[in-house]
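Close look at the chain arrangement
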Amino acid sequence: MIKVTIFNEYKHEQNNEKAIAVYPDGIHNVLKGFLECDEISVRCVTLFDKELNIKEDIGLSDEVLSNTDVLIWWGHVAHTKVPDDVVERCHKHIMDGMGAIFLHSAHHSKLFKKLMGTTCNLKWRFPSKERLWNINPAHPIMQNVPEYFDIGLEEMYGERFDIPTPDELLMIGAFDGYEVFRAACTFQRGYGKVFYFQPGHETNPTFYIPEVQTIIKNAVYWAKPLYRQSFGAPKYEKVEL
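A brief report on the enclosed structure follows. (Residues numbered from 1 in each chain as written. Predicted model: local features only at pLDDT ≥ 70, side-chain atom pairs only at ≥ 80, totals over all residues. Heavy atoms only, no water.)

**A closer look at the overall build of the protein**
A tally of regular secondary structure across the protein gives seven helices and nine strands. The globule rule puts the C-alpha radius of gyration for 241 residues at 18 Å, and the 18 Å found for the protein is close to it. Dimensions of the protein, computed from C-alpha atoms along their principal axes, come out at roughly 65 × 45 × 40 Å. Looking at the 241 residues of the protein, the share that counts as buried comes to 51%. In the protein, the proportion of contacts linking residues at least 24 apart, taken out of those at least 6 apart, comes to 72%. Summed over all atoms, the accessible surface of the protein reaches about 11,400 Å², with 51% contributed by carbon and sulfur. (Helix = DSSP H or I, 4+ residues; strand = E, 2+ residues; numbered from the N terminus. Rg over C-alpha atoms; globule rule 2.2 N^0.38 Å. Buried < 20%, exposed > 50% of the residue type's maximum accessible area, 1.4 Å probe, protein only. Contact = heavy atoms within 4.5 Å. Areas by Shrake-Rupley, 256 points an atom, 1.4 Å probe, with all protein chains shown as cover.)

So this is what it looks like as structure tokens:
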């Protein structure tokens, strides 16, 4: 059983009419709906409660993270509200082997920027039409994904995307203004696997698209830990030959 924890900011789906119409129960519950199966269990945590107050404990304790194989992160307008101690805690667990998937505007989350060590800035425009091209079809995350598929309306993210050179580039996004974007990228951080996937604007039904769901589910299987141990720098005694 792969244990997934979904973090969703959960602000737009409470105060934005367009977002409420698309995701009335929150983005996190749509993700949970297509991920949960005999092989995957899902826990959801959010930054805000129903009164749009920030939770004292957003549900990402050491105990929760120790029992999480893959953390999925969606955030947008409240990145700065995520407590720094939560960011440090999540970062440590990723370094120790927990997998992480960052969706859409999570590129500007404190956690993703800490993992990348860069601004993670990019160009953007809304709305735009997008076509996603599968340029690495042999990769596990790209299994059962066609050569290309159309998103319809999505938020344009354009280069330059200020991230380190990805370990693997899986998809290129092409937009109706001729912009392109590194839309699906993988990274290794410590013992942990990290996947960034660009689509997923809060007012568009992107997470209902079958191909998008396939990619995210494949990424869960890919990111699950194969090895998990504290990533430190211990003094190491000589081993006699």
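Once you've had a look at it, read on.
**Here we look at the environment of S128**
Mapped onto the secondary structure, S128 falls in strand 5 (residues 123–134). For S128, a relative accessible area of 1% gives the class buried. Here the alpha-carbon distance between S128 and L103, two residues 25 residues apart in the chain, equals 18 Å. Residue contacts for S128: discarding those within four places in its chain leaves G152, L153, E154, M156, F175 and D176. Within the structure, S128 has its side chain in polar contact with the side chain of R125 (distance 3.4 Å). (Polar contact = N/O pair within 3.5 Å; in protein donor to acceptor, adjacent residues only side chain to side chain.)

**Section: the sheet that holds strand 7 (residues 168–175)**
With mixed pairing, the nine strands of this open sheet are ordered in space as 2-1-3-4-9-8-7-5-6. Each of the sheet's edge strands pairs with one partner strand only, and the pair in question is strand 2 (40–46) and strand 6 (148–158). Sheet twist, expressed as the mean angle between neighbouring strand axes with direction ignored, is 25 degrees. Inspection of the sheet shows strand 5 paired to strand 6 by nine bridges, in the antiparallel sense. Each bridged residue has a counterpart across the sheet, and for W124 the counterpart in strand 6 is Y157. Packing against the sheet, helix 5 (residues 84–95) makes contact with strand 3 (70–74), strand 4 (99–103), strand 8 (180–189) and strand 9 (192–197), and its axis sits at approximately 115 degrees to strand 9. (Pairing = 2+ DSSP bridges. Axes fitted to C-alpha atoms, helices over the stretch in contact; angles between N-to-C directions.)

**Details of a nonpolar patch on the surface**
On the surface, Y191, L226, Y227 and F231 cluster together into a nonpolar patch covering about 450 Å² of accessible area. Within the secondary structure layout, Y227 lies in the segment after helix 7 (210–223). By relative accessible area, which is 43% here, Y227 ends up partly exposed. (Patch = residues over 30% accessible without salt bridge, like charges linked within 9 Å, V, L, I, M, F, W, Y side chains within 5 Å. Salt bridge = Lys/Arg side-chain N within 4 Å of Asp/Glu carboxyl O.)

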